[in-house]
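Notes for the structure review
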Amino acid sequence: MMRHDGDRVLKPRSVPRLSLVALYLILTAGAALMLFPFFWMVMTSLKSLGEINLSPPTVLPNEWNFSNYVEAWNKPESTFGRYFLNSALIAIVGTALQMFSAILAAYAFARMNFPLKGPLFLLLLGTLMIPFEVTLIPNFVTIRHMPLLGGNDITGSGGQGLYDSYAGIILPGIANVFSVFLLRQAFLQMPRDFWDAAQIDGASQWTFLWRVAVPLAMPTLLTATLFALLARWNAVLWPLIITSSEELRPVQVAMLYFRGEEGPNFHYLLAAATLVALPGILLYLFTQRYFTEGLSSGAIKG
Amino acid sequence: MQVRERLRAIQPARSKPIERVRGRRVRRRERLTPFLYLMPTLVLLTIFDIWPIALGFWISLWRWGLGAERFVGMDNYQRLLEETVRVEGGSPVIGDLGQSFLVTLYYVIGVIPAALFLAFVVANMLHQKIRGLAFFRAAFFLPHVTSTVAAGMVFLWIFNPQVGVANFALGRLGLPAQTWLQDPDPVIKKIVLAVGLGWPSSISESLAGPSLALFCVIVFSIWASIGFNIVIMLAGLAAIPREIFDAARVDGAGPWQMMRRITFPLLSPTMFFLLTISLISAFQTFEAVYVLTGGGGFGSQAGGPLRTTTTLTLYIFDHFYQRPSSVGYAAAASFVLFFFLIGLTALQFRVGERRVFYE
C-alpha cells in the first residue's frame, strides 16, 4: 500500500541551482495569486465604508475596524449566531448519520458474504453517475410529500411534509457512496486473523465492527468525516430550496440574503464572508494530511 | 498465523454440534445480518438517488406547479426542442435553452483545459526536491475548500466596476476600465473591435465566445478547482517509480524527453480521471454562477447580464424554482441533461480506452 503523505513523497529529481531560484519565484507568484483573494477579503473587511470606496485602493487599512465583524454579526435580523448554529447542527448531525450508515454498509461489503453482493455494489457505484440536477426536483417533491409527516396524510398530500425542516435538509445526503467506498477499502485491508481471533473470544460481528474494525480504520473514517463536514458546511443549493423560514437558514444561504440586504456595504459583506469561510479553512488547515490522503486514495485506487 | 492454525484445529469439532443445537432459525438470522447492515444506505439511496430517476421522468410528463396540474405527455420535451433552436422567418434563432447550452460549452472549454494545464505545470514543479511543499500545496488547495458563497463575495468586490482591484490593475496597464460581471459583450468580439476590426453582422453574437461576465466566472472556477487537480496529480506523480526516471537519465534522456515518454504516458490514467470528474462537475456548475452573476433571487436576473451566464443548471433551477408551473419542464430539461452526461462519459471512456496507458 502506497502512502501519499505529501512530505514523504518520492522526490525524483534534484534541480540545478539557477532553475531552482526560478522555480521558487514562479511557485511563490502562483501561491500569491491564489492567496490574494483571501488577503483582500480580510483587508477589505477591516476598512471603513469610506476607505473601501477609495480609488486607488489602499492595501492595508488606514484604520483597523475590527468592529466591522461585530456589526456584521449583529446585522441580519435574527443574527448570524442562529445561522452558525443551524449550519453546525446540520453539518454534525448529517455527518454522524452519514458515517454510521456508511460504516455499516462498508463493513457488510468488505467482510460479509451474501447473495447479490457484486451487483449491489455495482448499483451503489452506479448511483455516483446520477447528477444532482436529476435528483434535485424529484427529491424536493419527495420531501414535500412524505406521507404522515408535516401535516400530510397517508398519500402524502395535505401538508408540506418535511419541507422547511432540519430533517428535510439533512435526509437526502445521508447515504453517501463515496464514504462507503473509502471505508470499504479500509476494512478490506484489515488482516483476516483479527476477525478469527475475535471470534475465538466470542465476539459477534457487531462487537468486532465497533471494537476492532472501526478503531483500526480511524484514519480513513476521519478523512471521510472531514469531507462530509466540509461539504455540508459549504452546501448552498439544497438548503436554499428546501427551507423558507429564517430560523432554519444555514450560513451559506444566510450569506446570500445578507448580500441582497447589504448591497454596497462590502466591508460588512466580507467580514461576514470571512466568518463563513473560516470554519472550513481551519478544518482543512488542521487536518491537511487526511484530506490529501483521502483524495489520493479515491483517485489512485488505493 | 498461530491463531489461524489453532482455529483450524478447533473449528470442525466445535461448529457442528453448535449448529445442531441452535438450529435453522439462527442460520436464517445470520443470513439476514448483512442486509440489516446494508439497510440504511440502500433504503436512502433508493429513495433519494434511484427512485428520483423514475419520479423525475413522471414529473416531466406533467404541467407541475406546487403539485401535479395537468398531464401533458411529451409536451415539455417538445418545448425543450423549441427553446433550443427555432426557425423564425426562414432563419434559425437560438432559444433560451440553446443559449444556455452554448454558455455551458464556453464555460467547460474555458475552465477545464486551463485548470488541467496550470495544475499540471504546478504539480510538476512541486514534485521536485523543494522546501515548503506543504505550504505551496495548501496555498493552491485552499480555494477548493473555501465556501463558494464566501469566495464569490470577494470576487464580486475584486470585479467591482467602480472601485474593484481588477480595474485598478487595468488602469495601471493603461487599459480601459471594464464592467466585468455586468458586461454581456462576448470576449472575442471585444478583442476583434479592440484591434480595430468590425464584427460581421451576419454572425450571431452568441457564437462569439463567452461574455466578459462569463469570462470572470471562468477565472473564478479555475482559481477554485486548480488545487484539487494539483493534489490528485501529485499523487499520480508519486506513484511513478523513480527508477524509470533514473534509467532514462542514465540512457541520456533530457527533461523534455522524460516528460513526453515517461510522465505523460504514466500520468495518463490520472489525467483521464481528472478529465472525467472535471467534465461532469463543469456541466453541473451552479454555485459560482449563482453567486457571481445572480440566480434570479434577490431582485437579480437569472444568469445575467442578458442571460450570458445562464448555465444549464441555472436554467433548470430558474424554471424549477422561480417560474410558475414549470417544474415539469425543468424536470424534462434535467432528464435530457442526464442522458447527455451519460453519453458524454461513455464516449469519453471509449476514447480513453485507446489513449490511456495503464501499467
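Rules and cut-offs
- Residues numbered from 1 in each chain as written.
- Chains lettered and ligands numbered in written order.
- Predicted model: local features only at pLDDT ≥ 70, side-chain atom pairs only at ≥ 80, totals over all residues.
- Helix = DSSP H or I, 4+ residues; strand = E, 2+ residues; numbered from the N terminus.
- Contact = placed C-beta atoms within 7 Å.
- Buried ≥ 20, exposed ≤ 12 C-beta atoms within 10 Å, placed from the backbone.
- Axes fitted to C-alpha atoms, helices over the stretch in contact; angles between N-to-C directions.
- Parallel < 35°, antiparallel > 145°, perpendicular 65-115°, else oblique.
- Left-handed = near helix turned anticlockwise from the far one by under 90°.
- Nonpolar A, V, L, I, M, F, W, Y, C, P; charged D, E, K, R; others polar.
- pLDDT = per-residue confidence, 0-100.
- Pairing = 2+ DSSP bridges.
- Core = buried A, V, L, I, M, F, W, Y, C linked by C-beta atoms within 7 Å.

1. Considerations on the overall build of chain A
- Counting its regular elements, chain A contains 15 helices and zero strands.
- By principal-axis analysis of the C-alpha atoms, chain A measures approximately 75 × 70 × 35 Å.
- Of the contacts formed within chain A by residues at least 6 apart in sequence, a portion of 68% connects residues at least 24 apart.

2. Notes on the overall build of chain B
- Helix and strand content of chain B: 13 helices and four strands.
- With respect to the principal axes defined by its C-alpha atoms, chain B has extents near 90 × 70 × 40 Å.
- The buried share among the 359 residues of chain B stands at 39%.
- Across chain B, contacts joining residues at least 24 apart in sequence account for 67% of those joining residues at least 6 apart.

3. Digging into unusual backbone geometry
- Residues Ser55(A) and Pro56(A) are joined by a peptide bond in cis, for which omega reads 0°.
- Among the secondary structure elements, Pro56(A) is positioned in the loop between helix H2 (49-52) and helix H3 (67-74).
- We note that Leu148(A) has phi near 65°; this positive angle belongs to a residue other than glycine.
- Among the structural elements, Leu148(A) can be located in the loop between helix H6 (132-144) and helix H7 (166-170).
- Residue Leu148(A) is classed as exposed on the basis of its C-beta count, with 12 C-beta atoms lying within 10 Å.
- One non-glycine residue with positive phi stands out, namely Trp180(B), at about 45°.
- Here Trp180(B) is to be found in the loop between helix H6 (165-172) and helix H7 (187-194).
- We classify Trp180(B) as buried; it has 22 C-beta atoms within 10 Å.

4. Points about the packing of helix H4 (residues 79-111) of chain A against helix H8 (residues 177-188) of chain A
All names here are of chain A.
- Look at H4 against H8: their axes get within 8 Å of each other, and the N-to-C directions meet at 45°. Relative to H8, the element H4 lies oblique. For the pair H4 and H8, the crossing hand works out as right-handed. Residues Gln98, Met99, Ala102, Ile103, Ala105, Ala106, Tyr107, Phe109, Ala110 and Arg111 of H4 touch H8, and the partners they reach there are Ser179, Val180, Leu183, Arg184, Phe187 and Leu188.
- Broken down by class, the residue content of the contact of H4 with H8 amounts to 12 nonpolar, two polar and two charged.

5. Focus on the confidence of the model for chain A
Residue and element names in this part refer to chain A.
- Confidence in the prediction of chain A, expressed as mean pLDDT, is 88, and 91% of residues score 70 or more.
- Across chain A, the secondary-structure element scoring lowest on mean pLDDT is helix H15 (residues 288-299), at 73, and the one scoring highest is H7, at 96.
- When the criterion is pLDDT under 50, residues 1-12 qualifies, and its contacts beyond four places in sequence or with other chains add up to 25 contacts.

6. Things to note about the pairing of strand S2 (residues 68-71) of chain B
Residue and element names in this part refer to chain B.
- With three bridges connecting them, strand S1 (residues 62-64) and S2 associate as antiparallel partners. When the sheet's bridge partners are listed, Arg63 is paired in S2 with Arg70.
- Once S1 ends, the chain turns through three residues before running back antiparallel as S2.

7. Examining the packing of helix H2 (residues 75-84) of chain B against helix H13 (residues 327-355) of chain B
All names here are of chain B.
- Interaxial distance between H2 and H13 falls to 9 Å at its minimum, and their mutual angle equals 70°. By the angle class used here, H2 and H13 are roughly perpendicular. Considering how the two elements wind past one another, H2 and H13 form a crossing that is right-handed. Listed contacts from H13 to Asn76, Tyr77, Arg79 and Leu80 of H2 are Gly328, Tyr329, Ala332, Ala333 and Val336.
- Taken together, the residues of the contact of H2 with H13 break down into six nonpolar, two polar and one charged.

8. Re the confidence of the model for chain B
- Scored by pLDDT, chain B comes out at a mean of 87, with 90% of its residues at no less than 70.
- In this model residues 12-19 of chain B is a low-confidence stretch, pLDDT under 50, and it forms zero contacts with partners more than four residues away in sequence or in other chains.

9. Looking at the nonpolar core
- In this structure, Leu183(A), Met255(A), Ala272(A), Ala273(A), Cys216(B), Ile230(B) and Leu292(B) are the most contacted members of the largest nonpolar core, which totals 160 residues.
- Among the elements that line this core, the one with the most residues is helix H8 (residues 212-238) of chain B, at 21 residues.
- Excluding its chain neighbours within four sequence positions, the residues that come into contact with Leu292(B) are Gly152(B), Phe155(B), Leu156(B), Leu181(B), Cys216(B), Val217(B) and Phe220(B).

10. Focus on the pairing of strand S4 (residues 91-94) of chain B
All names here are of chain B.
- The pairing of strand S3 (residues 85-88) with S4 spans four bridges and is classified as antiparallel. Residue Val85 lies in a different strand from S4, and its bridge partner there is Ile94.
- Hairpin connection of S3 to S4: two residues between the antiparallel strands, including Gly89 at a positive phi of 60°.

11. Focus: the environment of Arg192(A)
- Relative to the helices and strands, Arg192(A) is located in helix H9 (residues 192-200).
- Since 10 C-beta atoms lie within 10 Å of it, Arg192(A) is described here as exposed.

12. Considering the environment of Pro186(B)
- Its place among the elements puts Pro186(B) in the loop between H6 and H7.
- Once you skip the residues sitting within four places of it in the chain, Pro186(B) turns out to touch Glu205(B), Ala208(B), Gly209(B), Pro210(B) and Ser211(B).

13. Some points on the environment of Asp183(B)
Residue and element names in this part refer to chain B.
- Assignment of secondary structure puts Asp183 in the loop between H6 and H7.
- According to the C-beta neighbour criterion, Asp183 is buried, with 21 such atoms within 10 Å.
- Put simply, Asp183 and Gln128 are 55 residues apart on the chain and 42 Å apart in space, counted from C-alpha to C-alpha.
- When near neighbours in sequence (up to four residues on either side) are disregarded, Asp183 contacts Gln178, Ser211, Leu212, Ala213 and Pro305.

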